[in-house]
Protein chains: 2
Amino acid sequence: MAVKAQVLYDFTAEPGNNELTVQEGEILTLTNQNVGSGWVEARNSRGNVGLVPEDYIEVKTILIISFVFDFTSLFRAYCMKLENCVGLFLSIILLLSVMVILCHMAVGSVYSFDEEWDDDSDDGKSTGGYGGSQADEGGTMQRGGAHSTMKLSLNKFPGFSKTPNPEVYLLTKHISKGDDRLPIYTGEVGPVWLYPQIQLDCVVADPKKGSKMYGLKSYIEYQITPNTTNRPVNHRYKHFDWLYERLVEKFACALPIPCLPDKQVTGRFEEEFIKMRMERLQGWMSRMCRHPVISNSDVFQLFLNYRDEKEWKLGKRKAEKDEIVGVKIFSNIDPELPELDPAQVEQKYEMYSQFTRSMDNSVKELLTVGHLHWKRCTGPLQKEYRQIGKAFQNLSSVFNTSAYPREYTLTEALTATGKTYEEIAEIVAGQPKKDLHFLMETTHEYKGLLGCFPDTIAVHKAAIDKVKEADHLVVMNKISQQDKLIMEKNLSTMSYALQAEMNHFHSNRIYDYNRLVQFYLEEQVKFYETIAEKLKKALGQYTTM
Amino acid sequence: MAVKAQVLYDFTAEPGNNELTVQEGEILTLTNQNVGSGWVEARNSRGNVGLVPEDYIEVKTILIISFVFDFTSLFRAYCMKLENCVGLFLSIILLLSVMVILCHMAVGSVYSFDEEWDDDSDDGKSTGGYGGSQADEGGTMQRGGAHSTMKLSLNKFPGFSKTPNPEVYLLTKHISKGDDRLPIYTGEVGPVWLYPQIQLDCVVADPKKGSKMYGLKSYIEYQITPNTTNRPVNHRYKHFDWLYERLVEKFACALPIPCLPDKQVTGRFEEEFIKMRMERLQGWMSRMCRHPVISNSDVFQLFLNYRDEKEWKLGKRKAEKDEIVGVKIFSNIDPELPELDPAQVEQKYEMYSQFTRSMDNSVKELLTVGHLHWKRCTGPLQKEYRQIGKAFQNLSSVFNTSAYPREYTLTEALTATGKTYEEIAEIVAGQPKKDLHFLMETTHEYKGLLGCFPDTIAVHKAAIDKVKEADHLVVMNKISQQDKLIMEKNLSTMSYALQAEMNHFHSNRIYDYNRLVQFYLEEQVKFYETIAEKLKKALGQYTTM
């Protein structure tokens, strides 16, 4: 009986490795499940046979159905032999019952297979870096492409087109409630959020494989330990995703919520993938912790501090029912500052819009350049230094065959030189992971964050346009003069929110890039010094003349 | 009247530079001679128009002939208008006279054009490095390809096929003459030439443009100053070439004579070319000076020490009449060592043959790798570091527009970082000229030298084969037993010459490569240290947190 499997993720064979290129959804016949090292041998519908990573496929329950058909044909043959009509009738009833049971099982397993996507997507694979490993060197950098704008939840606000309509908020005369109040103060740099005394932070660590349904389904669980309680909580990727959804729903009109590390699939080494995802979840969590509004929100606190399953489930239900979402978040904002007139608001808006667009271009440039450099270091440069190393060593080998009596010192020195260049090849190839990685990861985070600004900023633009219409609406008797004043006041509040958010962004950006480039340069200095040291050592082998 | 020009050297257009690819011998029509900076605009026979370096073309005297034809048609028109038969007759005579005179001029100038090739080839252009300058980055390394085997002069020995026939020498019972005697001693490393007390050396310097024929023809003259007399002599490239021809004629059966730097054309900057040629002539002369047999020869001494034009011309004539050339050189060799039997001779021959072939492959590998590295440094790597520099500076510019009050330190530091990477780009691009250049030049010299070994070694192989035939020839009564013994003794002498020459080669090789790689590594260390220093300085601009 042939074992069938369905392909979960696209996989591109590397030439010369006896691999098979497969596409998501394709059905394969497994020809050898005992290849080992995470690979299985499979045949596709066109009859091509090759290796496929076992994580990329799901052995299909469909095989049970194919077993059923084998069973029915056997049964039919049996019946025909008997030529017994009553037997045949009974047999048909029996067969039907068996089929119902088996079909149920099959449907059940298909269901569980679907749920897998939603539920256990934390086991999916992501890119292992920026062309970093030899394995995906030929690939393109796909991460973050599709995911880099926020999923501004529109379904909660009927009538929303692309941008959430700020009218709901603009016309509301509201008083900020005590607990949810989001004050804005004047700091040294302008309007700022209220920052907590102690900055929240957390450590994402210790990824563990968990399983449920008697081991049929497995997932990765991460341990998150906040600095406030020092008590770890466990979360799967899908919980992070749930949190992200809640934060977008609640805050995204005022605060750009950066996307989670995505689920895209190009890497293939499970361990490396888990490490990379953990590192990115850590980056995301740290950024969320650093945000005074987000870190202080109920949903975020729940995520970090829940004590047991019950508290978690109750909290979840409560968060999902939260009414203060979308543009309504602005009604919580309480700038203790003089009202801005619409012209000032627009000017600020223009400035931020321009800045975030320019920075978006700039970080993209940095990523492109960094990606090229990464590939050069791990590809052609490594190869070239190896070749230089080989050339010196070959020269040494040839010299060694001269039978000339004064050869020894030079051949020894040349061999050492060759080996040094081979070491340099590996240092060069390993360097991007040491220094560029951090610069790229954080810049990539910024790219994601900057990708969220247009959505957030569009809400402000829509509000500005509404207020511009206000005079006309007053004339048309659609709103009162009082309404117009409320609108202007609310627009001012929105602007303060944006200013506070931008100042938060700037402060973080300066902190991040100062740290980032400094770290990069430190590592670069070490890199060049290490190479110089190695070459000095090789140089020492030569006789001075 | 269209100005025509003949292409002297192949020239490959660089894409996007409005240049025209032309081939040696092609006739172009000059469309603009006033382009400047050493360029002219020309049209080829296919109608393509583009820029060509003016050094690469020779304005053709053929244009005078085309003028003649213009003249005849005008004249014919004039005659037809006159309808005067006598006038026409006279005119034809006049026209014929004019044509004879002009044709004579044309032939004269064509002659001088041919002579130019022989005579003033010292003004030809050669490669400016190994893909070194930006200008010829796209080009391939052509130098030495065609030229790398010796021109073993065969015409002096009628009946020679490819390899000079050693029979002339092998059967000669000779006594080494006093003055020309080339003794071989046993040194620490085996058979060695007699080395002089003070090693001859010379400095090739001060290239000067000279001219003759009232400035119509110009050439470069180099000043060569030997350490023995410290009195400079002047020589043009063609004199070097003459010396080379004499040395090949006289010594090449016993000593590989490396070729002169060739005349191939890919560079285009006159000054750079002259510098490069001078450097290579220096390398060649130093190598010749270091050779105890060559440096002591009459012709070499003449080249370095002639006192006046008269002495030079007399010496030239004498050298050209030298009878002791080709295999006869072996009759001057006087090994004061026990005779070797043919089996020992063959064993040595095999070893040297193998070694020189292996080393030939090895230096070619080193050249290929070095060439690739050179191109990478001056091409993609430079570009990439510039891009990294630009990316940091662009980020800094964007940050500068934030209007956030705490921007200054970071933007300053980022700009400095960007500028540092731009400097690194130039350091990286300039490095090959500093270190790889020397390694490549000398390795290239070795490639040329090793390219001469097969010819020299083939003479020995032919002699070994002759001696193997000797027994048979004795039986056939073609030679006497005595002749056979003479042949074996002479073969032994040839082998000692080869051994002395190989030991000379080995000693120089070890000296050269020890010095070369040492220098290369020293410069590489400086290179990496310089970059580390620059990055440290940039790092110092960041605020520590």
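If you're wondering where the values come from, they're calculated on a predicted model, not measured in any experiment.

Visitor: What should I look at first to understand the nonpolar core in this one?
Guide: If you look at soluble globular proteins, the nonpolar side chains tend to sit buried side by side. Within the largest apolar cluster, 243 residues are counted, with the highest numbers of intra-cluster contacts made by A:Met285, A:Phe330, A:Tyr513, B:Met285, B:Phe330 and B:Tyr513. With sequence-adjacent residues up to four places away left out, A:Met285 is seen in contact with A:Cys202, A:Val204, A:Ile224, A:Phe240, A:Leu243, A:Phe300, A:Phe303 and A:Leu304. Membership of the second largest hydrophobic core comes to 17 residues, among which are B:Val7, B:Tyr9, B:Trp39 and B:Leu51.

Visitor: Would you take a moment to explain the relation of the copies chain B and chain A for this structure?
Guide: The relation between the two copies of this chain is a rotation about an axis and a shift parallel to it. Laying chain B over chain A is done by rotating through 180 degrees and shifting 0.2 Å along the axis; what remains is an RMSD of 0.7 Å. On the angle and the small slide along the axis, the relation comes out as a two-fold axis. Minimal C-alpha separation from the rotation axis in chain B is found for B:Tyr528, amounting to 2.7 Å. Most of the interface of chain B is mirrored in chain A, where 100% of its interface residues are also at the interface.

Visitor: When you look at the sheet that holds strand β6 (residues 182–187) of chain B in this model, what are you seeing that I'm missing?
Guide: One key point about sheets: their strands pair by backbone hydrogen bonds, in either a parallel or an antiparallel sense. Residues and elements named next belong to chain B. Pairing within the open sheet is mixed, and its three strands lie in the order β7-β6-β11. In the strand order of this sheet, the two ends are held by β7 (190–193) and β11 (333–335), each with one partner. Each strand axis lies, on average, 35 degrees off the axis of its neighbour in the sheet, ignoring direction. Bridge count for β6 against β11 is three bridges, and the pairing is parallel. Looking across to β11, one finds that Pro-183 is bridged to Asp-334. Sheet strands touched by helix α12 (residues 481–539): β6, β7 and β11. Its angle to β7, the strand with the most contacts, is close to 80 degrees.

Visitor: Explain the pairing of strand β3 (residues 39–43) of chain A here, please?
Guide: Looking along a regular strand, one sees the side chains alternate between the two faces of the sheet. Residue and element names in this part refer to chain A. Alignment of β3 against strand β4 (residues 49–53), held across five bridges, turns out to be antiparallel. Opposite Ala-42, over in β4, you have Gly-50 as the bridge partner. Hairpin connection between β3 and β4: a loop of five residues separates the two successive antiparallel strands, and Gly-47 in this loop has a positive phi of roughly 85 degrees.

Visitor: What is the right way to read helix α9 (residues 342–400) of chain B from this model?
Guide: For the α-helix, the turn length of 3.6 residues means that residues three or four positions removed from each other point alike. All names here are of chain B. In a regular helix each residue adds 1.5 Å, so 59 residues correspond to 87 Å; α9 covers 84 Å between its end C-alpha atoms and thus fits that length. The sharpest bend along α9 comes to roughly 40 degrees, located at Arg-376, with the proline Pro-380 sitting one to four residues further on. A distance of 2.9 Å separates the backbone nitrogen of Ala-343 from a side-chain oxygen at the start of α9, and that oxygen is part of Asp-341.

Visitor: What is the right way to read the sheet that holds strand β8 (residues 202–212) of chain B from this model?
Guide: All names here are of chain B. Judged by pairing direction, the sheet is antiparallel, and its three strands sit side by side in the order β8-β9-β10 without closing on themselves. The strands lining the two open edges of the sheet, one partner per strand, are β8 and β10 (233–236). Taking each pair of neighbouring strands and ignoring which way they run, the sheet shows an average axis angle of 35 degrees. Taken together, the nine bridges between β8 and strand β9 (residues 217–226) define a ladder with antiparallel strand orientation. Residue pairing for β9: Ser-211 is matched across the bridge by Ser-218. In this fold helix α7 (residues 298–305) packs onto β8, β9 and β10, with an angle of close to 105 degrees to the strand it touches most, β9.

Visitor: Mind showing me how you'd approach the interface of chain B and chain A here?
Guide: Interface extent is often summarised as the accessible area lost during association of the parts. Tallying the contact residues gives 66 residues for chain B and 66 residues for chain A. Carbon and sulfur atoms make up 70% of the area that chain B and chain A hide from each other, which totals about 6400 Å². If you look at where chain B meets chain A, you find eight salt bridges. A salt bridge links A:Glu529 to B:Lys536; the shortest N-O distance between them is 2.8 Å. On inspection of chain B and its partner chain A, the count reaches 20 residue pairs in polar contact (both at pLDDT 80 or more).

Visitor: Quick question: what am I supposed to make of the pattern of salt bridges here?
Guide: Close approach of charged atoms lets side chains of opposite charge pair. Applying the stated criterion across every chain, the model contains 54 salt bridges over all chains. In this structure, B:Glu188 engages A:Arg406 in a salt bridge whose closest nitrogen and oxygen atoms are separated by 2.9 Å. Placement of the pair is B:Glu188 in the loop between β6 and β7 and A:Arg406 in the loop between α9 (342–400) and α10 (408–434), with the two residues belonging to separate chains. B:Glu188 gets classed as exposed once you look at its relative accessible area, which sits at 75%. For A:Lys536, the salt bridge goes to A:Glu533, with nearest N and O atoms at 3.6 Å. With A:Lys536 and A:Glu533 both in helix α12 (residues 481–539) and three residues apart, the pair spans about one turn of that helix. Look at A:Glu533 and you get partly exposed, because its relative accessible area is 47%. Within the structure, one salt-bridge network assembled from shared partners comprises A:Arg287, A:Arg290, A:Glu445, A:Asp512 and A:Arg515.

Visitor: I tried to follow the packing of α7(B) against helix α8 (residues 309–320) of chain B on my own but got confused; where do I start?
Guide: For any two helices packed against each other, the geometry comes down to the angle between their axes and how far apart the axes lie. Residues and elements named next belong to chain B. Contact geometry for α7 and α8: axes closest at 10 Å, N-to-C directions at 165 degrees. What the angle tells us is that α7 and α8 run roughly antiparallel. Seen from above, α7 lies across α8 with left-handed handedness. In this structure, α7 uses Asp-298, Val-299, Leu-302, Phe-303 and Asn-305 to contact α8, whose residues at the interface are Glu-311, Trp-312, Gly-315, Lys-316, Lys-318 and Ala-319. Across the contact of α7 with α8, the residue classes tally to five nonpolar, two polar and four charged.

Visitor: What is the right way to read α12(A) from this model?
Guide: Between the first and last C-alpha of α12(A) there are 85 Å, a value that for 59 residues agrees with the 87 Å anticipated at 1.5 Å per step. Counting buried residues along α12(A), 42 of its 59 residues qualify, which places the element largely inside the surrounding structure.

Visitor: I'm lost on the packing of aromatic side chains in this one. Help?
Guide: The description of an aromatic ring pair rests on the distance of the ring centres and on the angle between the ring planes. Counting across every chain of the model gives 37 aromatic pairs over all chains. Ring geometry for A:Tyr169 versus A:Phe330: centroids 5.5 Å apart, planes at 45 degrees, classification tilted. On the criterion of sequence distance, the pair formed by A:Tyr169 in helix α3 (residues 167–170) and A:Phe330 in the loop between α8 (309–320) and β11 (333–335) is long-range, its members being 161 residues apart. The same class applies to A:Tyr169 as to A:Phe330, namely buried. Measuring from ring centre to ring centre gives 5.7 Å for A:Tyr446 and A:Phe505, while their planes differ by 65 degrees; the resulting arrangement is edge-to-face. Here A:Phe505 lies in helix α12 and A:Tyr446 lies in helix α11 (residues 436–475), a separation of 59 residues in the sequence. Assessed through its relative accessible area of 4%, A:Phe505 is described here as buried. Clustering of aromatic rings is evident, with ring pairs tying together A:Tyr222, A:Phe240, A:Trp242, A:Phe303, A:Tyr306 and A:Trp312. Directly above the aromatic system of B:Trp242 lies the positively charged group of B:Lys316, at a separation of 5.7 Å from the ring centroid. Lying over the aromatic face of A:Phe399, B:Arg509 brings its terminal NZ or CZ to 4.2 Å of the ring centre.

What counts, and where the lines are drawn
Residues numbered from 1 in each chain as written. Chains lettered and ligands numbered in written order. Predicted model: local features only at pLDDT ≥ 70, side-chain atom pairs only at ≥ 80, totals over all residues. Heavy atoms only, no water. Core = buried A, V, L, I, M, F, W, Y, C linked by side-chain atoms within 4.5 Å. Buried < 20%, exposed > 50% of the residue type's maximum accessible area, 1.4 Å probe, protein only. Contact = heavy atoms within 4.5 Å. Least-squares fit on C-alpha atoms with pLDDT ≥ 70 in both. Pairing = 2+ DSSP bridges. Helix = DSSP H or I, 4+ residues; strand = E, 2+ residues; numbered from the N terminus. Axes fitted to C-alpha atoms, helices over the stretch in contact; angles between N-to-C directions. Expected span 1.5 Å × (residues − 1). Bend = angle between axes of the 7 residues up to and from the residue. Polar contact = N/O pair within 3.5 Å; in protein donor to acceptor, adjacent residues only side chain to side chain. Buried area = accessible area lost by both parts, 1.4 Å probe. Salt bridge = Lys/Arg side-chain N within 4 Å of Asp/Glu carboxyl O. Parallel < 35°, antiparallel > 145°, perpendicular 65-115°, else oblique. Left-handed = near helix turned anticlockwise from the far one by under 90°. Nonpolar A, V, L, I, M, F, W, Y, C, P; charged D, E, K, R; others polar. Phe/Tyr/Trp six-rings, centres within 6.5 Å; stacked < 30°, edge-to-face > 60°. Lys NZ or Arg CZ within 6 Å of the ring centre and 35° of its normal.

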